[in-house]
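The primary structure of each chain is shown beneath.
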Amino acid sequence: MSPEQLRDASAADERSDIWSLGVVFYELLAGFPPFQADSTFEVCTQISEGRMPRLRRPHGDLPRGLAAVVRRCLKVKPEERYADVAELVEALMPFCPELAEPALYRIRRRLDARASGEITTPVGECVDARAPTEPVLWDDASTCHHTVERRRRVVSRMVVGLSLAGMLALVSHALGLEHGQASELAQEARGVVTRTSERVSQAARDLWQNPNP
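The structure presented is a predicted model; accordingly, all values stated were derived computationally and were not measured. Per chain, the residues get numbers from 1 upward, laid out in the order the sequence is written. Per-residue local features are limited, in this predicted model, to residues with pLDDT of at least 70; the limit for side-chain atom pairs, both in listing and counting, is 80 or more; totals at the level of whole chains, interfaces and linings are taken over all residues. Side-chain numbers come from the whole structure's heavy atoms, not from hydrogens or water.

Caption draft 1: Spotlight on the packing of aromatic side chains. Think of it this way: a Phe, Tyr or Trp ring, Trp meaning its six-membered ring, pairs with another when their centres are within 6.5 Å, and the plane angle makes it stacked under 30 degrees, edge-to-face over 60, tilted otherwise. Counting across every chain of the model gives 2 aromatic pairs. Note on W19 and F35: the rings are 5.8 Å apart at their centroids and 15° apart in plane angle, and the pair reads as stacked. Here W19, found in helix α2 (residues 14-30), pairs with F35, found in the loop between α2 and α3 (40-49); they are 16 residues apart in sequence, far enough to count as distant. F35 shares its class with W19; the two are buried. Residues Y26 and F32 carry aromatic rings whose centres are separated by 6.0 Å and whose planes lie at 70° to one another, so their mutual orientation is edge-to-face. By relative accessible area, which is 1% here, Y26 ends up buried. Elements are defined by DSSP. Helices are runs of H or I of four residues or more, strands are runs of E of two residues or more, and each kind is numbered from the N terminus. Whether a residue is buried, partly exposed or exposed follows from its accessible area with a 1.4 Å probe, protein chains only, as a fraction of its type maximum: under 20%, in between, or over 50%, in that order.

Spelled out as structure tokens, the structure:
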């Protein structure tokens, strides 16, 4: 959580996401997270004060200027970070132009669409998970939310069914241990759990790939 989220979650905005990206960048480059301690309180203190080791790579040097980009992402004050992800991508452009340029184009298109009202809901809520490298936006936000809720309800019902089957298996197994009986029932119940688990996994995958069968 960013420093401002620790103080007041309602104060978080896009710059909190920039901070989180900075944490990811730091760990990718250094091989360990920027904030580490034996207690949650100490970790929160480090985050609030911006105390972290100097960014170094385990093997070799960082490209000149890259550490500064990461440090700016991790600034304690939100106004000292990059304003949005487009500005961050512009800062990363010198280090991977062949990747950053097309990414920046897509990001700007979406930001412009949100600003103009073309996209009426936050992009993250209507991203098609089937295309993680190039998210597909739903034209109808209500359709998107309906589909997401339907997926949640169906998978939740599956999980409840699996949990009940597991409870039956445990009870049957306990009875068998106590009374020397019901061993066959316990074995059968465990088989039901295994088969149900496989069906839940397959159904969840099918549902995610085809939300409107």
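Caption draft 2: Examining the nonpolar core more closely. What makes a nonpolar core is a set of buried Ala, Val, Leu, Ile, Met, Phe, Trp, Tyr and Cys residues whose side-chain atoms join them at distances within 4.5 Å. Within the largest apolar cluster, 19 residues are counted, with the highest numbers of intra-cluster contacts made by L55 and L88. Going through the elements one at a time, α2, α4 (66-73) and α5 (85-92) are the ones with two or more residues in this core. With 6 residues, α2 is the largest single contributor of residues to this core. In this description, contact between two residues means that some pair of their heavy atoms is separated by no more than 4.5 Å. Ignoring sequence-local partners within four residues, the contact set of L55 consists of Y26, L29, A30, L62, A67 and V70. Among the nonpolar cores identified, the runner-up in size contains 5 residues, and V89, A100, L104 and I107 belong to it.

Caption draft 3: Seen up close, α2. With 17 residues, α2 should reach 24 Å at 1.5 Å per residue; the first-to-last C-alpha distance of 24 Å fits that figure. Looking at the buried side of α2, the elements it contacts are α1 (3-7), α3, α4 and α5. Just past α2, the residue G31 takes up positive phi, approximately 95°. To estimate how far a helix should reach, multiply one less than its number of residues by 1.5 Å.

Caption draft 4: Just the pattern of salt bridges, in detail. When a carboxyl oxygen of Asp or Glu lies within 4 Å of a side-chain nitrogen of Lys or Arg, that pair is called a salt bridge. A complete count under the given rule lists 6 salt bridges for this structure. Across the pair R15 and D13 runs a salt bridge, and its minimum N-O distance is 2.8 Å. Of the residues examined, R15 reaches a relative accessible area of 25% and is grouped as partly exposed. When the shortest N-O distance is used, the salt bridge between E87 and R72 registers 3.2 Å. One end of the pair, E87, is in helix α5; the other, R72, is in helix α4, and 15 residues separate them in sequence.

Caption draft 5: Structural context of a positive patch on the surface. In this scheme, patches are assembled from residues that exceed 30% relative accessible area and form no salt bridge. Like charges are connected within 9 Å, while nonpolar side chains (Val, Leu, Ile, Met, Phe, Trp, Tyr) are connected within 5 Å. Only the protein chains shown count as cover for residues, and all accessible areas are computed by the Shrake-Rupley method using a 1.4 Å probe. Charged residues are defined here as Lys and Arg on the positive side and Asp and Glu on the negative side; His and the ends of the chain fall outside this count. Taken as the charge centre is NZ of Lys, CZ of Arg, CG of Asp or CD of Glu, depending on the residue. Taken together, the side chains of R54, R56, R71 and K75 make up a positively charged region of the molecular surface. With respect to the helices and strands, K75 occurs in the loop between α4 and α5.

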